[in-house]
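The residues making up each chain are set out below.
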Protein chains: 2
Amino acid sequence: LSDQSTQSESTRDRIIEAARDLFSRQGYAATGISQILRASRARSGSLYHFFPSKEDLLVAVLEKHRTTLEPKVLRQPGGPRPDPVERLFGILDTYRGVLIQTQFTLGCPVGGLALEVSNTYPAVRRSIVQHFETWSTAINRLLTDAAGHLPADVDTIALARHVLATLQGAVMLARAYRSVEPFDQAVQQLRDYFERLIADGSEWSGRAPSSAL
Amino acid sequence: LSDQSTQSESTRDRIIEAARDLFSRQGYAATGISQILRASRARSGSLYHFFPSKEDLLVAVLEKHRTTLEPKVLRQPGGPRPDPVERLFGILDTYRGVLIQTQFTLGCPVGGLALEVSNTYPAVRRSIVQHFETWSTAINRLLTDAAGHLPADVDTIALARHVLATLQGAVMLARAYRSVEPFDQAVQQLRDYFERLIADGSEWSGRAPSSAL
């Protein structure tokens, strides 16, 4: 790369980073162009060059969220825990850490945008769906790894979506309450559900009643 | 009431109704004053008279959502179903109906606002928390009615918050996917959880292992 294109790349990246932060904290519509320019130290010419519309910038922000999802969220820090269900709850714990660290101003950046812009921008909506699919596919992989411990008739795809729904709702409540309590309550009940699934999926309770007597 | 005050009341109501609809569909920040005036057929003088700031209008909208929550959502139409767990899932089904009827443009109006404005407006955030508390208190009441069927150690307050979190996430996914599928998957797994709770809370499995042998 020439110096010129490296510099362009970094301006583009700075704009995306600034927008990502602002959209997450205050929402898409509430974020003004001037705020993005200020936070990214970019000139308006650069902004319009890279992103002809605000919607284009939002799509780039969502693309960035999606590419960082795997290394930053889904791949657990500190090496993989051996148990897939523990890894799943480790992922949920990452969101808990973000909520606490940011004093509940950040949770899942995509969840907020999902509700704000789903009605308005079809291209953005598709990008959000892709993000959710990347997330629940990774969870489904963990559930498939754990399948030997779960009842045979569990629909792991539906269960992965359920985990995503519970997480998103838990993040929403924690942010509204400015407290980790409702997050912990929702995740604790999800864990209780998994414990009951695992108990019911164990060989002991899997036996037919007739052979158990 | 004099004619004058009745008319004021109806102008105020029209403004709240218009804002409620617009905020739900397109978000708070994206809704302009001119749109609210157009939709409510009110003059800007009336708007500023009743609501000195846009935030005041948002608080009034949330108050309206909260007062209609009990009669429109939490009190089931068609008479009370006798089983409290069925009534709970009947409430979730009301949200499913709204999603389908509105082609996924509406779900829970308060959930969207919760993520959009929680960081920005403390008074609004408190109003949203009140809404969620009204909701989960009603669910907790149903769970308390159902307590005889659930394991003795179930924390009904935590479980009510879990139901709320799962619902909010399920609505979010349905709106993003423009499909009822992820909503149904999340609610189906929640139902599976309740079935396992009820099975584990029944007298049969409540027996100590020694007496069962």
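Summary of the structure given here. All values reported here derive from a predicted model rather than from experimental measurement.

Quick notes on the environment of B:Thr102
Residue and element names in this part refer to chain B. Turning to its location among the elements, threonine 102 is positioned in the loop between α5 (84-101) and α6 (109-117). The buried category is assigned to threonine 102, whose relative accessible area is 18%. Counting along the chain gives 77 residues from threonine 102 to arginine 25, while the straight-line C-alpha distance between them is 9.9 Å. One polar contact links the side chain of threonine 102 to the main-chain carbonyl oxygen of valine 98, over a distance of 2.8 Å.

Regarding the relation of the copies chain B and chain A
The operation linking the two copies of the chain is a rotation about an axis combined with a translation along the axis. Superposing chain B onto chain A requires a rotation of 180° together with a translation of 0.0 Å along the rotation axis, leaving an RMSD of 0.0 Å. A rotation of that kind, with that shift, is consistent with a two-fold axis. Both copies contact each other with a shared surface, as 100% of the interface residues of chain B are interface residues in chain A too.

Quick look at the interface of chain B and chain A
Where interface size is given, it is often the accessible area lost as the parts come together that is meant. In this assembly, 50 residues from chain B lie in contact with 50 residues from chain A. Carbon and sulfur atoms make up 58% of the area that chain B and chain A hide from each other, which totals about 4400 Å². Taken as a group, B:Leu115, B:Asn119 and B:Tyr177 account for 16% of the area that chain B buries against chain A, more than any other trio of residues on that side. The tally of links from chain B across to chain A stands at 4 salt bridges. A:Arg161 is paired through a salt bridge with B:Glu181; the nearest N and O atoms lie 3.2 Å apart. Remark: the boundary between chain B and chain A carries 25 residue pairs in polar contact (both at pLDDT 80 or more). Contributions of two or more residues to the side of chain B that touches chain A are made by α1 (3-26), α6, α7 (122-145), α8 (156-177) and α9 (181-201) of chain B.

Quick look at helix α4 (residues 54-74) of chain A
In an α-helix, one turn spans 3.6 residues; hence positions three or four apart end up facing the same way. All names here are of chain A. Spanning 21 residues, α4 covers 29 Å between terminal C-alpha atoms, matching the ideal 30 Å at 1.5 Å per step. When the local axis directions of α4 are compared, the greatest deviation, roughly 50°, occurs at threonine 68, which is followed within four positions by the proline proline 71. For α4, the complete set of buried residues consists of Leu57, Leu58, Ala60, Val61, Leu62, His65, Thr68, Leu69, Val73 and Leu74.

Thresholds, definitions, all that
- Residues numbered from 1 in each chain as written.
- Chains lettered and ligands numbered in written order.
- Predicted model: local features only at pLDDT ≥ 70, side-chain atom pairs only at ≥ 80, totals over all residues.
- Heavy atoms only, no water.
- Helix = DSSP H or I, 4+ residues; strand = E, 2+ residues; numbered from the N terminus.
- Buried < 20%, exposed > 50% of the residue type's maximum accessible area, 1.4 Å probe, protein only.
- Polar contact = N/O pair within 3.5 Å; in protein donor to acceptor, adjacent residues only side chain to side chain.
- Least-squares fit on C-alpha atoms with pLDDT ≥ 70 in both.
- Contact = heavy atoms within 4.5 Å.
- Buried area = accessible area lost by both parts, 1.4 Å probe.
- Salt bridge = Lys/Arg side-chain N within 4 Å of Asp/Glu carboxyl O.
- Expected span 1.5 Å × (residues − 1).
- Bend = angle between axes of the 7 residues up to and from the residue.

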